[in-house]
Amino acid sequence: MHIMAKNVKQLKVEVRDIKQVKEDLFLLCFVSPHIAKTANPGNFVHIKIDSVILRRPLSIHKIVNDEVYILFKVKGRGTSALSNIRKGDYLDIIGPLGQGFNLPKYEIYNKMHNILIAGGIGVAPILFLAQKLNELGKGRLNIKNSILLGAGNKTDILYEDYFNKIGYKVEVATDDGSKGVKGFVTDILKNILAGIELEEVINIYACGPEGMFFEMNRVLKDYPKVYCQVSFEQFMGCGLGICCGCSVETKDGYKKVCKDGPVFNIKDVW
Ligand SMILES: Cc1cc2nc3c(=O)[nH]c(=O)nc-3n(C[C@H](O)[C@H](O)[C@H](O)COP(=O)(O)OP(=O)(O)OC[C@H]3O[C@@H](n4cnc5c(N)ncnc54)[C@H](O)[C@@H]3O)c2cc1C
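Here's what I pulled together on the structure shown here. (Residues numbered from 1 in each chain as written. Predicted model: local features only at pLDDT ≥ 70, side-chain atom pairs only at ≥ 80, totals over all residues. Heavy atoms only, no water.)

1. Details of the side chain of Gln229
Phase 1: Turning to its location among the elements, Gln229 is positioned in strand β13 (residues 227–231).
Phase 2: From its side chain, Gln229 meets the backbone nitrogen of Asn102 in a polar contact 2.7 Å long.
Phase 3: Residues contacting Gln229, with those up to four places away along its chain left out, are Gly100, Phe101, Asn102, Ile204, Tyr205, Ala206, Val263 and Phe264. (Helix = DSSP H or I, 4+ residues; strand = E, 2+ residues; numbered from the N terminus. Polar contact = N/O pair within 3.5 Å; in protein donor to acceptor, adjacent residues only side chain to side chain. Contact = heavy atoms within 4.5 Å.)

As structure tokens, then:
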């Protein structure tokens, strides 16, 4: 039985580097020409970690030549063990997995608004997406691209300077008001949408907590023409669509985050 999709492979990959970005956040780099060549934004890898039974899903964060980067937050036993991996160690991974973000066609890319939204660690796949969107522009920056970064406080806002540098208009919201708008990224989204002509093409791409998507969906009820894709995080078993452990309820019945997602059209969910 063919369980894995065409590009999906089980691979042994060498860790090139691991850096502690801050207290509970790590940037891991491994070498994989296959993942580097075939992965799309929103895809993830399923990583085997010795001390836990199930593999752990982590998004592809960045690709540079044949190096693949993963940005992860230590949550529990699996990610804690992963943070102890060292340069030169080998990882057993399966990937690239999942349905990633749909990217616009080059012909319309430079005329449209691309609004990227990252809640907390949700910035992990969004950075790879920003990288790919810029490649779509073939060297021409789209001045209508923006990114909204949301977090509990200013120390959890990541990559603000980086997104500025690659040509995105960056707007920040923190729960405690220590940086940017005091409140949620959805407050900023409401203002941005109110300032855009209704006939313009708007694509929204988001990753973050489900509560953020729910609120985004409420805002988007007033903008039926906006296309919005959201990347779900869910407890996951096999990662290959067999165990159904990661199912989410959609308007069209239960869907598997690992195989039908993790990226869904928000209108298909709520
Ligand atoms: C497609 C996909 C991509 C992901 N990409 C990233 C990424 O790039 N970076 C990153 O840091 N994390 C990402 N995650 C979440 C990551 O997989 C979990 O944090 C990780 O599996 C936790 O494993 P653990 O053993 O450390 O924690 P566990 O011991 O399994 O759990 C500890 C606590 O963490 C929370 N938790 C665990 N798994 C999840 C989950 N899947 N979603 C929400 N909360 C969870 C629960 O509150 C739980 O009590 C992604 C998840 C999915 C489904």
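Structure shown, so let's carry the discussion forward.
2. Re the nonpolar core
Phase 1: Ranked by internal contacts, the top residues of the largest apolar core, which has 36 residues, are Ile115, Ile117, Leu189, Leu193, Ile204 and Met216.
Phase 2: Mapping this core onto the domain boundaries places at least three of its residues in each of domain 1 (9–97) and domain 2 (106–269).
Phase 3: Leave out the neighbours within four places in its chain, and Ile117 touches Ile126, Leu148, Val185, Leu189, Ile204, Tyr205, Ala206, Cys207, Met212 and Met216.
Phase 4: The next biggest cluster of nonpolar side chains, apart from the first, holds 30 residues, and it includes Phe101, Ala118, Val123 and Ala151. (Core = buried A, V, L, I, M, F, W, Y, C linked by side-chain atoms within 4.5 Å. Buried < 20%, exposed > 50% of the residue type's maximum accessible area, 1.4 Å probe, protein only. Domains from an automatic or database assignment.)

3. Looking at the pairing of strand β12 (residues 202–207)
Phase 1: Among the six residues that make up β12, six are buried, leaving the element largely enclosed by the rest of the structure.
Phase 2: Where burial is concerned, the two faces of β12 agree: the one with Ile202, Ile204 and Ala206 and the one with Asn203, Tyr205 and Cys207 are both buried.
Phase 3: Bridge analysis of β12 against β13 gives five bridges, and the strand direction is parallel. Bridge pairing in β13 links Cys207 to Ser231. (Pairing = 2+ DSSP bridges.)

4. Some thoughts on the environment of Leu149
Phase 1: Along the chain, Leu149 turns up in strand β9 (residues 146–151).
Phase 2: Of the residues examined, Leu149 reaches a relative accessible area of 3% and is grouped as buried.
Phase 3: Each residue touching Leu149, except ones within four places of it in the same chain, is listed here: Ala118, Val123, Ile157, Leu158, Glu160, Phe163, Val170, Glu171, Val172, Ala173 and Val185.

5. Some words on empty space enclosed by the protein
Phase 1: For the structure shown, the criterion picks out one cavity of 30 Å³ or more.
Phase 2: Each pocket or cavity is described by its volume, and for the largest cavity that value is around 40 Å³.
Phase 3: In this structure, the largest cavity is lined by Ala118, Gly120, Val123, Leu149, Gly150, Asp156, Ile157 and Leu158.
Phase 4: Of the residues assigned to the lining of the largest cavity, the class counts are five nonpolar, two polar and one charged. (1 Å grid on protein atoms, 1.4 Å probe; cavity = no way out; pocket = protein on both sides within 12 Å on 5 of 7 lines; lining within 4 Å. Points joined across faces, edges and corners; volume = space filled by probe spheres on them. Nonpolar A, V, L, I, M, F, W, Y, C, P; charged D, E, K, R; others polar.)

6. Focus on the sheet that holds β9
Phase 1: In spatial order, the strands read β11-β10-β9-β8-β12-β13-β16; together these seven strands make up an open sheet with mixed pairing. The open sheet has two edge strands with one neighbour each: β11 (181–182) and β16 (263–265).
Phase 2: With three bridges connecting them, β13 and β16 associate as antiparallel partners. From the neighbouring strand, Gln229 faces β16, where its bridge partner is Asn265.
Phase 3: Strand contacts of helix α4 (residues 123–136): β8 (113–119), β9 and β12, with the helix running at about 160 degrees to β8, the strand carrying the most contacts.
Phase 4: Docked against the sheet, helix α7 (residues 210–220) engages β8, β12 and β13, running at close to 160 degrees with respect to β12. (Axes fitted to C-alpha atoms, helices over the stretch in contact; angles between N-to-C directions.)

7. Points about the layout of surface pockets
Phase 1: Roughly 740 Å³ of volume is contained in the largest pocket.
Phase 2: Forming the walls of the largest pocket are 27 residues, and the residues nearest its centre are Pro57, Leu58, Lys75, Glu233 and Gln234.
Phase 3: Tallying contributions element by element places strand β4 (residues 56–59) first for the lining of the largest pocket, with four residues.
Phase 4: Residue classes in the lining of the largest pocket are distributed as 15 nonpolar, six polar and six charged.
Phase 5: Residues lining the lining of the largest pocket come from more than one domain, with at least three contributed by each of domain 1 (9–97) and domain 2 (106–269).
Phase 6: The calculated volume of the second largest pocket comes to roughly 380 Å³.
Phase 7: Forming the boundary of the second largest pocket are 20 residues, of which Gly119, Gly120, Gly208, Pro209 and Met212 lie nearest the centre.
Phase 8: Those elements that provide at least two residues to the lining of the second largest pocket are β9, α6 (185–194) and α7.

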